Amino acid sequence: MRKSYRVKKEAEFQKVFTKGKSCANRQFVIYMLEKPEQKHFRVGISVGKKIGNAVARNWVKRRIRQSLTELKPQLKQDCDFLVIARPSAAGMSTAEVKQHLIHVLSLANIIN
């Protein structure tokens, strides 16, 4: 996923976190902030130390980014959203990560 699709700055991340609507399932928490002036969506990914060591955290981040890239045409374009992984996301396969992301993104009305 290109860098223009990422929430990169800490201030932007905090704005979505504090002002956005949240939705969750057992594996992920989503915070979403509407931004009608935007050309395309932006996403921030947070994987905490409860997931495991750096290798495990990077593995989960890669799977999340890969799933979002595959889902890009179906995602709502005028919003910023954060994907926060819960500890139960650590042992999931790529297909399971995608399945659970689709579930929580549909609960948050980010995916059609």
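Everything numeric in this text was worked out from a predicted model, so none of it was measured. (Residues numbered from 1 in each chain as written. Predicted model: local features only at pLDDT ≥ 70, side-chain atom pairs only at ≥ 80, totals over all residues. Heavy atoms only, no water.)

J.: Just give me the short version of the pairing of strand E2 (residues 28-34), but keep the residues and values in it.
T.: Along E2, six of the seven residues are buried, which leaves the element largely enclosed by surrounding structure. Of the strand pairs in this sheet, strand E1 (residues 21-24) and E2 are connected by four bridges, and their pairing is antiparallel. The partner of Lys21 across the bridge, within E2, is Met32. The loop that links E1 with its antiparallel partner E2 comprises three residues. The pairing of E2 with strand E4 (residues 79-85) spans seven bridges and is classified as antiparallel. When the bridges of E4 are listed, Glu34 appears paired with Cys79. (Buried < 20%, exposed > 50% of the residue type's maximum accessible area, 1.4 Å probe, protein only. Helix = DSSP H or I, 4+ residues; strand = E, 2+ residues; numbered from the N terminus. Pairing = 2+ DSSP bridges.)

J.: Would you mind going over the sheet that holds E1 in detail, with residue names and values included?
T.: Either a parallel or an antiparallel arrangement is found when strands of a sheet pair, and the pairing is made through backbone hydrogen bonds. Taken in spatial order, the four strands line up as E1-E2-E4-E3 in an open sheet, and their pairing is mixed. Edge positions in the sheet fall to E1 and strand E3 (42-47), since each of these pairs with one other strand and no more. Ignoring which end each strand starts from, the neighbouring axes of this sheet average 20° apart. Alignment of E3 against E4, held across six bridges, turns out to be parallel. Bridge assignment links Gly44 to a residue of E4, and that residue is Leu82. Of the strands in this sheet, E1, E2, E3 and E4 touch helix H1 (residues 10-19), which is tilted by about 85° from E4. (Axes fitted to C-alpha atoms, helices over the stretch in contact; angles between N-to-C directions. Contact = heavy atoms within 4.5 Å.)

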